[in-house]
Amino acid sequence: MTGAVKDDDQATARIIQEYVPGRQVTIAHVIANPDPALCERVGLESATAVGIMTITPGETAIIAGDLALKAAEVRIGFVDRFSGTLVVCGDLVGVELAITAANRGLATILGFRPAPVTRS
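Basis of the calculations
Each chain has its residues counted from 1, running along the sequence as written. Note on the predicted model: pLDDT of at least 70 is required for a residue's local features to be given, and 80 or more for side-chain atom pairs to be given and counted; whole-chain, interface and lining totals, by contrast, use all residues. Computation of side-chain values covers all heavy atoms of the structure but excludes hydrogens and water. By the criteria applied, helices consist of DSSP H or I runs no shorter than four residues and strands consist of E runs no shorter than two, each listed in order from the N terminus. With a 1.4 Å probe rolled over the protein chains alone, any residue whose accessible area is under 20% of its type maximum counts as buried; one over 50% counts as exposed, and the rest are partly exposed. Contacts are residue-level and defined by heavy atoms, with any inter-residue pair within 4.5 Å sufficient. Patch criteria: residues need more than 30% relative accessible area and no salt bridge. Like-charged residues are merged within 9 Å; nonpolar side chains of Val, Leu, Ile, Met, Phe, Trp and Tyr are merged within 5 Å. Areas reported here follow the Shrake-Rupley algorithm with a probe of radius 1.4 Å; residue values treat only the protein chains shown as occluding. A side-chain nitrogen of Lys or Arg and a carboxyl oxygen of Asp or Glu constitute a salt bridge if their distance falls within 4 Å. As used in this record, nonpolar core signifies buried Ala, Val, Leu, Ile, Met, Phe, Trp, Tyr and Cys residues forming a set joined through side-chain atoms within 4.5 Å. Simply put, an axis is a line fit to the C-alpha atoms, just over the touching stretch for a helix, and the angle between two N-to-C directions goes from 0 to 180 degrees. Every angle not falling under 35 degrees, over 145, or within 65 to 115 is termed oblique; those three ranges are roughly parallel, roughly antiparallel and roughly perpendicular. Crossings are assigned a handedness: left-handed for a near helix turned anticlockwise from the far helix by less than a right angle, right-handed for a clockwise turn. As a working rule, the residues Ala, Val, Leu, Ile, Met, Phe, Trp, Tyr, Cys and Pro are called nonpolar, Asp, Glu, Lys and Arg charged, and the rest polar, with Gly in that last group.

Enquirer: Teacher, can you tell me more about the side chain of Asn103 here?
Expert: The residue Asn103 is located in helix α3 (residues 92–110) in this model. For Asn103, a relative accessible area of 6% translates into the label buried. With residues near it in sequence (within four places) discarded, Asn103 still touches Val25, Ala28, Met53, Pro114, Ala115 and Val117.

Laid out in structure tokens, this is it:
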């Protein structure tokens, strides 16, 4: 939503952003064999795979992290309850299993709209 506000005979554009959380997984992606420079740049230990999820509402990233850890031998690389971001690291099979389990768990337990699990 944008609007123009007249201030001392000059129009000033102001942008107002509204965030309406839904119950959805927007990204569920697995990166196979990430470049070590990428891992270092984003503050992760080197891993043979990295899984990324973004979820709304953001607090659900905590639940997704729990589901991922219970499903496979992975490490939490990053979790942020404000942005709804979850990053898990480990071997490729474990990361794929963890991301798939978290995605499916949010759908079946909490009624979320899941995202397709993609891979690069």
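Enquirer: What is the right way to look at a nonpolar patch on the surface in this model?
Expert: Residues Ile62, Leu69, Ile76 and Val79 make up a contiguous nonpolar surface patch of roughly 310 Å² in combined accessible area. Going through the elements one at a time, α2 (60–71) and β5 (75–80) are the ones with two or more residues in the nonpolar patch. Positionally, Leu69 belongs in helix α2. Its relative accessible area of 40% is what places Leu69 among the partly exposed residues.

Enquirer: Sorry, what's going on with the nonpolar core here?
Expert: Inside soluble globular proteins, nonpolar side chains tend to come together where they are buried. With 20 residues, the main nonpolar core has Met53 and Ile55 as its most contacted residues. Of all the elements in the fold, those that place two or more residues in this core are β3 (24–32), β4 (49–56), α2, β6 (85–90) and α3. The element best represented in this core is α3, accounting for 5 residues. Once you skip the residues sitting within four places of it in the chain, Met53 turns out to touch Val25, Ile27, Ala28, Ala64, Gly84, Thr85, Leu86, Ile99, Ala102, Asn103 and Leu106.

Enquirer: Got a minute to help me understand the packing of α2 against α3 in this structure?
Expert: Relative orientation and spacing of two packed helices are given, respectively, by the angle between their axes and the distance between those axes. As a packed pair, α2 and α3 sit with axes 8 Å apart at the nearest point and diverge in direction by 125°. In terms of orientation, α2 lies oblique with respect to α3. The two elements α2 and α3 meet at a crossing, and its hand is right-handed. Across the interface between the two elements, Thr60, Ile63, Ala64, Leu67, Ala68 and Ala71 of α2 pack against Leu97, Ala98, Ala101, Ala102, Gly105, Leu106, Ile109 and Leu110 of α3. Tallied by class, the residues present in the contact of α2 with α3 amount to 12 nonpolar, 2 polar and no charged.

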